[in-house]
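Geometric and topological summary
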Amino acid sequence: MTTIQPTALDQPLLRPVDLGGLRLPNRIVMAPATRARAADPGLVPTRLHAVYYGQRATAGLIVTEGTWIGEQAIGFVDVPGIYSEEQTAGWRRVTDVVHALGGRIVLQLWHTGAVSHPDHLGGGMPAGPSAVDPHETTYTRGGRKETVTPRAMTLTEIERTVSDYGAAAENARRAGFDGVEVHALGPFLIPQFLNPRLNLRTDAYGNGPAGRRRLLLEIVDAVAAPWAGRCVGVRLSPYWTSGDRFTADEATLADYDDVVTELNDRSVAYLHLRGPGPAAPGAAPDPAAFARYRRRFDGPLIVNHGFDRASGNAVIEAGIADAVSYATHFIANPDLVARFALDREPSAGDPRTYYVGGAAGYVDYPVAEWGDETP
Ligand SMILES: Cc1cc2nc3c(=O)[nH]c(=O)nc-3n(C[C@H](O)[C@H](O)[C@H](O)COP(=O)(O)O)c2cc1C
């Protein structure tokens, strides 16, 4: 007699959820991942970008790779922008494909600040909050290079940067995105301003935690304006540790507590948190690291870093997150949602092809073979 096996379709990751006015059919979010495929001089997304994101349209939500808000923001090779008409038109092709395939897609807005290099800026000096070398490396055409001591941004440059964010968000709206996400993660511009080791300013953008938060809050307001206050996410990494400038000590975490609390007063559709990651390879991420922010933020929370299917379901079931984002799994598994739904093991990707350009390791990851051995 044939026995009908229960399916894995009733799992928390597969339940729909509302995110800032967007209805997601599932809670499996594609995390932003730089793939360095905009190889033309104008940094325009190509046909391959449309293929890549279209292949992943079953994600509850796609967050694109970080995308430059202006030329001064550049700090990596072959990353697309959203500051020219050509770039905006290139992105329109991407959003059309994703929407035609039933997906949802938001654009991540990126500025590297002091973690750029004269090689990225036509020989010009990078600018950050203060003239302090972040002691990071940056990926240039000539390989990874050490950062330099940047210029301190003038007040006029800060004003210009905030307005560039606003213009980029407006371009994203014209390009057909469902929203934008502010990249305030890692060692880049916004976390540089939040960091007292890099921000030594004595004006309104420094001089204590409230001043250090100001750039982020002004950017959130600027990008929310063209979206009439809807569909603006913020991505933070309070636990980020790198070099000798970014340390997740108690003072840093206390500052981030206040940042998150302040975001409640803004038009923020969701908070996208990158956690500390699993303590050991293969271990589940620590839910307490995210629960800290669940208590402080009133809106939807997307969590990230080292989740798999089981830990993703568990963090939603525990009420700590509304959705879970996956970067490395989505790179290697365009059909990640179906694999989770049918409890198939995700494939491993090849990190050597993350940034090499071209189709290989980008749009050639296969979907699973769905049949099993039963005839
Ligand atoms: C190749 C690659 C590129 C990435 N690029 C970005 C990016 O552009 N913006 C961003 O916020 N995070 C970026 N990240 C970080 C990921 O979104 C994510 O936080 C990290 O991979 C951990 O999630 P995972 O365990 O699901 O891979 C990148 C990660 C990888 C592996």
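Residues numbered from 1 in each chain as written. Predicted model: local features only at pLDDT ≥ 70, side-chain atom pairs only at ≥ 80, totals over all residues.

The name an unreviewed UniProt entry gives the chain is Alkene reductase, with Streptomyces formicae as the organism.

**A look at the overall build of the chain**
Counting secondary structure elements, the chain contains ten helices and 14 strands. Relative to the globule expectation of 21 Å for 375 residues, the C-alpha radius of gyration of the chain, 20 Å, shows essentially globular dimensions. Across its three principal directions, the C-alpha atoms of the chain cover 80 × 45 × 40 Å. Relative to its 375 residues, the chain shows a buried fraction of 47%. Of the contacts formed within the chain by residues at least 6 apart in sequence, a portion of 71% connects residues at least 24 apart. (Helix = DSSP H or I, 4+ residues; strand = E, 2+ residues; numbered from the N terminus. Rg over C-alpha atoms; globule rule 2.2 N^0.38 Å. Buried ≥ 20, exposed ≤ 12 C-beta atoms within 10 Å, placed from the backbone. Contact = placed C-beta atoms within 7 Å.)

**Considering the environment of Tyr365**
Along the chain, Tyr365 turns up in the segment after helix H10 (336–341). Each C-alpha atom, one on Tyr365 and one on Ser311, is 24 Å from the other, the two residues being 54 residues apart in sequence.

**Describing the site of the ligand**
In the region of the ligand, 19 residues are neighbours, and Ala31, Pro32, Gly66, Ala327 and Thr328 sit closest. Going through the elements one at a time, strand S4 (61–68) and helix H9 (328–332) are the ones with two or more residues in the shell around the ligand. Residues of the shell around the ligand, tallied by class, amount to seven nonpolar, nine polar and three charged. (Near = placed C-beta within 6 Å. Nonpolar A, V, L, I, M, F, W, Y, C, P; charged D, E, K, R; others polar.)

**Quick notes on the nonpolar core**
In this structure, Val29, Leu109, Val223, Val232, Leu271 and Val324 are the most contacted members of the largest nonpolar core, which totals 95 residues. Tallying contributions element by element places helix H5 (residues 209–224) first for this core, with seven residues. The residues touching Leu271, leaving out its near neighbours within four places in the chain, are Val234, Leu236, Val260, Leu263, Tyr293, Phe297, Gly299 and Leu301. (Core = buried A, V, L, I, M, F, W, Y, C linked by C-beta atoms within 7 Å.)

**A short note on the pairing of strand S5 (residues 105–110)**
Of all six residues in S5, six are buried, a share of seventy percent or more. Of the two faces of S5, the one carrying Ile105, Leu107 and Leu109 and the one carrying Val106, Gln108 and Trp110 are both buried. In this sheet, S5 lies alongside S4 in parallel orientation, the contact comprising five bridges. Residue pairing in the sheet places Trp68 in a bridge with Trp110 of S5. Note that the unit made of S4, helix H2 (residues 85–100) and S5 has a crossover that is right-handed. When S5 meets strand S10 (residues 179–184), the two strands line up parallel, connected through four bridges. The residue of S10 that forms the bridge with Gln108 is Glu181. (Pairing = 2+ DSSP bridges. Right-handed = clockwise from strand over helix to strand, strands pointing away.)

**Focus on the packing of helix H1 (residues 47–55) against H2**
Remark: H1 packs on H2, axes separated minimally by 8 Å, with the N-to-C direction vectors making an angle of 30°. As the angle between them shows, H1 and H2 are arranged roughly parallel. For the pair H1 and H2, the sense of crossing is right-handed. Each of His49, Ala50, Tyr53 and Gly54 in H1 lies in contact with H2, whose residues at this interface are Arg93, Val94, Val97 and Val98. (Axes fitted to C-alpha atoms, helices over the stretch in contact; angles between N-to-C directions. Parallel < 35°, antiparallel > 145°, perpendicular 65-115°, else oblique. Left-handed = near helix turned anticlockwise from the far one by under 90°.)

**Some thoughts on the sheet that holds strand S11 (residues 232–236)**
The parallel closed barrel is built from eight strands, whose spatial order is S3-S4-S5-S10-S11-S12-S13-S14. Each neighbouring strand pair of the sheet contributes to a mean axis angle of 25°, computed without reference to strand direction.

**Things to note about the UniProt feature "domain: NADH:flavin oxidoreductase/NADH oxidase N-terminal" (unreviewed entry) in the chain**
Mapped onto the present numbering, the UniProt feature "domain: NADH:flavin oxidoreductase/NADH oxidase N-terminal" (unreviewed entry) falls on residues 13–343. In this annotation, residues 13–343 is assigned 33% helix and 18% strand; the end-to-end C-alpha distance for the span is 12 Å. (UniProt positions renumbered as here; feature names shortened; annotations may be inferred.)

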